[in-house]
Amino acid sequence: MFNWNVFAFKMEYKMEKGILHSNSTLVSLVHRILDIVIIVGGLWFSVKLIGQHWELQHSTVAVVAVFLFHFTSELDRLYISWRGLSLLKEVGKTFWHWFVSASVIFLSIDFLELKYLDSENLQFAWFVLTTFCLISYRLLLRVFLRSLRAQGVNTRTVVIAGAGHLGRKLSKSIIAKSGFGLVFAGYYDDATPKDELVAAQTIGNLEQLVADCKEGGIDRVYVVLPAKADNRIKWLVRELSDSTVSVYIVPDVFTYQLLHSRSDVIEGIATISIYDSPIEGSNVLIKRIEDIVLSSLILILISPVLVGLALAVKLTSNGPVFFKQNRYGIDGKPIKVWKFRSMNVMEDGGKVTQATKNDDRFTPIGRFIRRTSLDELPQFINVLQGQMSIVGPRPHAVAHNEEYRRLVDGYMLRHKVKPGITGWAQINGWRGETDTLDKMEKRVEFDLDYIRHWSLFLDLKIVFLTIFKGFVNKNAY
């Protein structure tokens with residue numbers, strides 16, 4: 001039976017920017033590339049088929065066709081993850097967008113005087129050949145991906161919070177459709193299920209679920225609790241924000257603040273991700289290319305500065321040039337963050353004292369390189385290593401993470417993406433000492449806002465603004 005509550009939720013939240021955006025995946029990147037190859041290649045084969053020579057006008061038409069197809073496809077969300085969604089709908093959308101693109105071009109031939117494309121045989125061959133290839137490779141790719149996922153490639157370990165009727169129905173769908181790449185690990189429920197099989201698959205209560213998620217090994221949690229357990233659901237969602245799992249509510253999420261959420265459908269059962277990252281699939285590749293290109297260029301440009309600072313640190317104080325501090329990386333995994341040493345101490349234990357305005361622990365040049373953020377420059381090495389990004393939430397000392405994760409709701413959600421050298425919070429003035437709780441809350445607020453609305457353009461904007469706002473700041477010491 002159609003669930004009007006889910007439908008209403010989707011319609012309401014699709015209107016809000018950055019709420020229900022289906023994450024692009026690596027598969028969507030493959031789709032984009034293959035679509036370009038097929039549209040251009042289809043025209044080339046058609047030209048050769050009717051005995052013409054490839055001319056500049058053919059190249060121009062091919063570029064226009066690619067632009068039109070991708071423009072309409074992006075508007076209609078063709079390039080989303082179709083895992084578990086209707087094949088017929090995907091094929092229908094693909095055909096429609098190619099039909100519209102080709103029609104615009106064919107109707108414009110006389111107006112634009114495209115004499116090399118006025119052959120009806122060429123038009124027919126190009127349209128039919130491209131249509132066949134666009135649809136055929138999508139069918140083959142679906143079969144290939146389902147086969148890989150059935151063999152355990154690109155899978156996600158999932159658990160279900162709630163062993164009631166809907167939870168059991170969801171688990172059966174997950175198990176039956178191994179091609180989705182979801183591996184069902186068991187239920188968590190406060191009540192002991194009456195069904196013996198379900199009871200055997202129940203791992204523990206909701207407290208145990210929270211503990212297991214914080215330890216790792218679980219990728220997704222589907223919360224399938226009854227509406228009367230509203231307070232319990234709110235508690236669970238709040239507790240899971242102190243982990244890095246992706247959380248999906250089935251089906252009601254009216255009362256929750258969402259973090260780059262998206263909708264999924266598993267065999268007709270609607271689920272909504274409420275804690276997820278926009279930097280997945282093809283976005284991971286885009287972000288990584290951005291980091292490699294920019295960090296390589298920056299390291300080349302600042303290499304004389306790095307050498308000069310290294311000599312200054314070594315000659316003005318005893319101790320190593322670099323200070324490598326333990327921090328949390330993506331998904332809360334530990335990393336070593338590089339910095340030029342600015343203090344006479346190298347605190348990295350269970351208690352780390354933040355630098356203050358008149359701190360006597362600074363080396364002779366320590367205060368200067370801290371205030372100008374020059375001590376952060378070696379972190380471009382972390383970026384090249386893939387541990388950090390140029391833009392992202394600033395990594396905090398492990399001791400500070402353990403302190404603030406208990407005090408600030410959603411604090412650990414900062415770790416859904418790689419930490420950055422600069423970030424949205426920093427260019428908005430929330431950097432430096434967090435001597436009051438509200439300062440840390442404000443920093444986390446901007447970090448989560450960045451994650452919700454991430455885009456390549458936003459990253460480039462932050463990098464540009466860092467030049468004017470990020471290096472020297474009254475709160476940096």
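Higher on the page you've got the structure.
Here's what I pulled together on the structure shown here.

1. Observations regarding the pairing of strand β2 (residues 182-188)
A large share of β2 lies buried, amounting to 5 of its 7 residues. In terms of strand pairing, strand β1 (residues 156-161) meets β2 through 6 bridges, oriented parallel. Along β2, the bridge assignment pairs V158 with F184. Pairing geometry for β2 and strand β3 (residues 202-204), over 2 bridges, is parallel. Among the inter-strand pairings, Y188 is bridged to a residue of β3, identified as G204.

2. Some details on the pattern of salt bridges
Going through the model one piece at a time under the given rule, you end up with 18 salt bridges. Notably, a salt bridge pairs E74 with R32, separated by 2.8 Å at the nearest N-O pair. One end of the pair, E74, is in helix α3 (residues 56-75); the other, R32, is in helix α2 (residues 26-49), with 42 residues separating them in the sequence. E74 sits in the partly exposed class, given a relative accessible area of 40%. Between E402 and R405 there is a salt bridge; the shortest N-O distance is 3.2 Å.

3. Examining unusual backbone geometry
A positive phi angle is found at D331, which is not glycine, with a value near 60 degrees. Within the secondary structure layout, D331 lies in the loop between β8 (322-328) and β9 (334-340). Under the relative-accessibility criterion, D331 is labelled partly exposed at 34%. Of note, S373 is a non-glycine position whose phi angle comes to about 65 degrees, a positive value. Structurally, S373 can be placed in the loop between α12 (366-371) and α13 (379-385). Look at S373 and you get buried, because its relative accessible area is 6%.

4. Looking at the packing of α2 against α3
α3 packs onto α2 with a crossing angle of 145 degrees between their chain directions and a minimal axis gap of 10 Å. Considering the relative orientation of α2 and α3, their crossing is right-handed. Across the interface between the two elements, R32, D35, I36, I39, V40, L43 and V47 of α2 pack against H58, V61, A62, A65, V66, F69, H70 and E74 of α3. Residues belonging to the contact of α2 with α3 are distributed by class as follows: 10 nonpolar, 2 polar and 3 charged.

5. Considerations on the packing of α2 against helix α6 (residues 120-150)
Two packed helices can be described by the angle between their axes and the distance between those axes. Running from N to C, α2 and α6 point in directions that differ by 150 degrees, and their axes come no closer than 9 Å. Taken together, the axis directions place α2 and α6 in an arrangement best described as roughly antiparallel. Two packed elements cross with a definite hand, and for α2 against α6 that hand is right-handed. On α6, the residues touching V27, H31, L34, D35, I38, I39, G42, L43, F45, S46, V47 and L49 of α2 are L122, A125, W126, L129, T130, C133, L134, Y137, R138, L141 and L145. In terms of residue class, the contact of α2 with α6 is built from 17 nonpolar, 4 polar and 2 charged.

6. Topic: α3
The end-to-end C-alpha distance of α3, which contains 20 residues, comes to 29 Å, matching closely the 28 Å that a straight helix rising 1.5 Å per residue would cover. For α3, the secondary structure elements touched by its buried residues are α2, α4 (87-107) and α6. Residue R77 follows α3 closely and has a positive phi angle near 60 degrees.

How each quantity is defined
Residues numbered from 1 in each chain as written. Predicted model: local features only at pLDDT ≥ 70, side-chain atom pairs only at ≥ 80, totals over all residues. Heavy atoms only, no water. Buried < 20%, exposed > 50% of the residue type's maximum accessible area, 1.4 Å probe, protein only. Helix = DSSP H or I, 4+ residues; strand = E, 2+ residues; numbered from the N terminus. Pairing = 2+ DSSP bridges. Salt bridge = Lys/Arg side-chain N within 4 Å of Asp/Glu carboxyl O. Axes fitted to C-alpha atoms, helices over the stretch in contact; angles between N-to-C directions. Left-handed = near helix turned anticlockwise from the far one by under 90°. Contact = heavy atoms within 4.5 Å. Nonpolar A, V, L, I, M, F, W, Y, C, P; charged D, E, K, R; others polar. Parallel < 35°, antiparallel > 145°, perpendicular 65-115°, else oblique. Expected span 1.5 Å × (residues − 1).

In short, the description is geometric, and any link to function would need to be established separately.
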